[in-house]
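Breakdown of the fold
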Amino acid sequence: MNDLAMGLRDRYRHTGNQADLLEGIAQLRTALEYVPHHPIRHAMTANLSALLMDRFDTLGDVPDLHEALAGLDEAIPMLDGENQLVAAMMRAETLTKLAEHVRDPACVDDAVESASRLPRLPAAQFVLGRALRLRYELADDHAALVDAADVMAQCVRAGRADDPNYPVWLNELGNVLQRSAEHSRDESVRQSAIRHLREAVAGSPSTSVHMPKFKVDLAAALHDRGHYTNDVAALREAVNLLREVLATTEPDTRSWGNYCELYLSSVSALVERTGDIELLDRAVQIGRSARGRGSRDATIPLLLGMLHHTRFELTGFQPGLAQAINAFTEVVESVPYGEQDHVVALGNLGRSCFAAYRFSDDPEALRRSVTALATAVRASAPGTPQRSECQVNYGEVLYAQYQLSRDPAVLAAAAHAFREAAQNEAAPLGVQIGAARSWARIEAEAGNWRRARDIYAFAVGLLPLVVPRSLARVDQQRLLANLNGLAADAAASALWADDPETAVRLLELGRGVLGGQVLQSRSDLSGLRAVAPELAERLRAAFAGLVPSGHRVGAAADERHDRDAQLRHVVDEVRALPGFEDFLAPPKLSHLLACTMDGPVVLINVSRFRSDALIVRPAGVSVVELPGVTPDSVADQAAAFGAALAASKQPGQGETDAQAVVTGVLGWLWDVIAEPVLKRLGHLGTPSGAWPRVWWSPVGQLALLPIHAAGRFPGAATVLDRVVSSYTPTLRALQHSGTRETPTGDTLVIVALRDARGVKTLRGVEREASKIGELRAATRLDGAEATVDAVRTALTSHASVHFACHAASDPDDPSGGHLLLYDGPLSVLDVSALDLSGARLAVLSACETSLGAHRIPDEGLHLVSAFQLAGYRQVVGTLWQVNDLVARLVAEDLHEGVVAGEDVATALHHAVRRCRERFPKTPTLWAAHLCSGR
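Below you will find a few notes about this structure.

Rules of the game
- Numbers given to residues run from 1 along each chain, matching the order in which its sequence is written.
- Local features in a predicted model are, by the rule used here, given only for residues with pLDDT of at least 70; side-chain atom pairs are given and counted only at 80 or more, and totals for whole chains, interfaces and linings are based on all residues.
- Hydrogens and waters are ignored; side-chain quantities use all the structure's heavy atoms.
- Interaxial angles span 0 to 180 degrees and are taken between N-to-C directions of axes, which are lines fitted to C-alpha atoms, for helices over the stretch in contact.
- Strands here mean DSSP runs of E at least two residues long; helices mean DSSP runs of H or I at least four residues long; both are numbered from the N terminus.
- Working definition: roughly parallel below 35 degrees, roughly antiparallel above 145 degrees, roughly perpendicular at 65 to 115 degrees, and oblique for all remaining angles.
- Handedness of a helix crossing follows the sense of rotation of the near helix relative to the far helix, less than a right angle counterclockwise being left-handed and clockwise being right-handed.
- By the convention used here, residues are in contact when the closest approach between their heavy atoms is within 4.5 Å.
- When residue character is reported, Ala, Val, Leu, Ile, Met, Phe, Trp, Tyr, Cys and Pro are called nonpolar, Asp, Glu, Lys and Arg charged, and the others, Gly included, polar.
- Two rings belonging to Phe, Tyr or Trp (six-membered ring only in the last case) form a pair when the distance between their centres is within 6.5 Å. Interplanar angles under 30 degrees mark stacking, angles over 60 mark edge-to-face geometry, and anything in between is tilted.
- Exposure classes here rest on a 1.4 Å probe applied to the protein chains alone. A residue is buried below 20% of its type maximum, exposed above 50%, and partly exposed in between.
- Two limits define a charge over a ring: the Lys NZ or Arg CZ must be within 6 Å of the ring centre, and within 35 degrees of the ring normal.
- Note on definitions: salt bridges are taken to be side-chain nitrogens of Lys or Arg within 4 Å of carboxyl oxygens of Asp or Glu.

Description of the packing of helix H7 (residues 122–139) against helix H9 (residues 166–184)
At a minimum axis separation of 10 Å, H7 and H9 run at an interaxial angle of 25°. Here H9 runs roughly parallel to H7, going by the angle between their axes. When the axes of H7 and H9 are compared, the crossing they make is left-handed. In this structure, H7 contributes Pro-122, Ala-123, Phe-126, Gly-129, Arg-130, Arg-133, Tyr-136 and Glu-137 to the contact, and H9 contributes Val-168, Trp-169, Glu-172, Asn-175, Val-176, Arg-179 and His-183. By residue class, the composition of the contact of H7 with H9 is seven nonpolar, three polar and five charged.

Given below as structure tokens:
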């Protein structure tokens, strides 16, 4: 009967069939009745304890643990040898489970003491490691967590991979490391945790009784990766794992409610980032079915409230907001003050009441919000992520209250809340930046410009950290879109503080963040290679594995996060070397000024505080105030311009009216921006000799407008009649163009596609390609030859490229903008991953190749900037859809000028002027073309 019971237990552990476990317990109880005094009774009592522990894991009945513990206390003194060792390990494990359930520190101390007396075998170390982890959780004893990690690492190293318990040990090591990551905020530790947790899942049979827990533990670590790094792929993988577990777990089991908690939390985090309402609604249904099924009474209502609030924020569905407020109120009223769920519910209640105030202007809703958030702040522990989020929300409602009362004490309290949140290093970086931004705004409104400048500088300095290379490009874009305009306000505060040099530096740090990452990876490593070749090679390899990419899942995602952590460690090692303290740091202002030797760079900053043109020259920075420019006026002009471009495609009166609107916008650009700048530069008329050069670098939505074409038409002053214009997304990008290897030759490849799937025929492509081929020797890739792989190969072997094909921008995902080749798209993301040495000129004779995204215009994410970052010194592109005939005429004219010895910008300048002469009343035909780079 004993042997049968143990066989049933083994089968239960393999299949999860509870009937086997229950029958095994019954068999042992009957067997024990036959041997009240026989020595075999002691081993059988220990075996019964083992089965009772398994039943507790399934059903959660605490009496099973007490009975198991009593049986082990009776049996251990009477056992010897291996049986006694196994029973002693079971006793320590039972004490650990009991302590975990009843949250008793004294019980866990007993478990640690019992496990510490065991021999240093893998199975015994596993028990000790679990007990030490629990001591950390109950007593916040970080030393115990460090000891647990060390013990579990020894356990895994000493264990054999073919041991049936090996996946359990791996899983426990992963859990310990995950707790360490939560404590230290060290993502490299979390990567190790996820790797071990993933190995545990992969090394276990799909039918293993441990599989649900393994998947849940892996999902919990992935959830935290997603929460702290904003990795959407990690959150999506966590949600999928938890959905699998819920589908195979009976709702009446002990673990069902806990699994639902993690599922709802993961869905909430995912939907906040993706807006997936369908997923949210499915989660709400599961959450409603989970109430009262083993979860903590308050947690499921709390999570449901968060989902209802998210639904309101995404859709404006007012009943969802009422449901959220009711759910949070229920938790606040039912959970004792100071408990975790009570604090979280208070914070969310305050947030939802504030949303109700914004929706209805109900002062009572604002009062409730202030009260709830003030209480949540007092109840949350200082220096925790929860405290920082409460402080940010509290600061926002206090600021709203100040706007009604104009009470300076209320404003001071709001500033204090934001300051504490910004300075809380435990807070997620996005929360820190948002808090600092709000704090700086208050200081700016009070006229404390030097303080505002310094706070903004702190926030801007965190920007590169909030978008690590481990993230997919689309996640990076989403995060930066939430912080759009930060650099502009920072620069404006520096200008009010009479500090234009800092204004330039802040614009450099806060714009083109993703391009800056690419530029870092293209840095010259020759100096480092001479001093530390091994470090240089490790750095090169880390960069090579972190080219911009889409979402990665599973082991591929883990590898990318590992590489990002390795890159940070290698950079720290390099900066510890003498003379390399500033290695890969943003360039100093003196270096940026030096890149303007060929002509001034005009940074045009637009902020709610003020707008200015910052003229950067080798001698320094001069400021031209632009009082006629505001964020609202730029947005209005950009909207009118975009609508006119769309209308200009329709023949008749609509096209005529559209051209008038475009002409008006170009006149506005001249009056408020171009003329004041050119006047300061001394360019007051058409030059009689060599044409002067100017580089434009507009901030925000101004980057969507053609400053190079500004002017009063017809016949009045224009930019085209005074200077040769180029563009650059940042000074760093221009500096990079000047430091790239100078091409020794100028081999050209022409990529020409007349027809592509789903788009209209480009009738002038063949003529355009043939004409350019007559002007200079060129390789041709036509039609079916112009595949993505063939083009990539050609780019590596030719100094220049001319594309005559279709292109498209993507307003939702600017990195998805692409050139349409024969077998598919060549996207901004694809081009950004290229590193082309000796590249000279890329002509993108296609539509919208320089059109950025309205949500993140400061990043300059479009095909022109991608080719520039890939290595091309000059790139020619377009801001909107261009006429096929005009594109051909401009392209042919451009190449004629280059062959005649003109630099690219000058050749394009004259080509556009000649096109303007042909179509003087139709600016949409000639104003789209621009040049970027040196």
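Quick notes on the packing of helix H4 (residues 62–75) against helix H5 (residues 81–102)
Closest axis-to-axis distance for the H4/H5 pair is 10 Å, and the angle between their directions is 150°. Judged by the inter-axis angle, H4 sits roughly antiparallel to H5. Once H4 is placed against H5, the crossing between them reads as left-handed. Within the contact between the two elements, H4 uses Val-62, Leu-65, His-66, Ala-68, Leu-69, Leu-72 and Asp-73 and H5 uses Ala-87, Met-90, Arg-91, Thr-94, Leu-95, Lys-97, Leu-98 and His-101.

Here we look at the packing of aromatic side chains
In the structure shown here, the tally under the stated rule is eleven aromatic pairs. Look at Phe-803 and Phe-867: their rings are 5.7 Å apart centre to centre, the planes differ by 65°, and that puts the pair in the edge-to-face class. With Phe-803 in strand E8 (residues 800–804) and Phe-867 in helix H37 (residues 863–870), this residue pair connects regions lying 64 residues apart in the sequence. Each member of the pair, Phe-803 together with Phe-867, is buried. Directly above the aromatic system of Tyr-399 lies the positively charged group of Arg-441, at a separation of 4.2 Å from the ring centroid. The ring of Trp-496 carries the charged tip of Arg-610 above its face, separated from the ring centre by 4.7 Å.

A closer look at the pattern of salt bridges
A complete count under the given rule lists 58 salt bridges for this structure. Taking the shortest distance from any N to any O, the salt bridge between Glu-534 and Arg-538 comes out at 3.4 Å. A residue pair is termed a helical-turn pair when its members lie 3 or 4 positions apart in one helix, as Glu-534 and Arg-538 do in helix H28 (residues 533–544) at four residues. Classification of Glu-534 as partly exposed rests on a relative accessible area of 48%. The partner of Arg-754 in a salt bridge is Asp-755, with the nearest N and O atoms 3.4 Å apart. You can call Arg-754 partly exposed: its relative accessible area is 37%. Overall, Asp-755 belongs to the partly exposed group, its relative accessible area being 43%. One network of salt bridges, with partners in common, ties together Arg-133, Glu-137, Glu-172 and Arg-179.

By themselves, these observations are geometric and do not establish any function.
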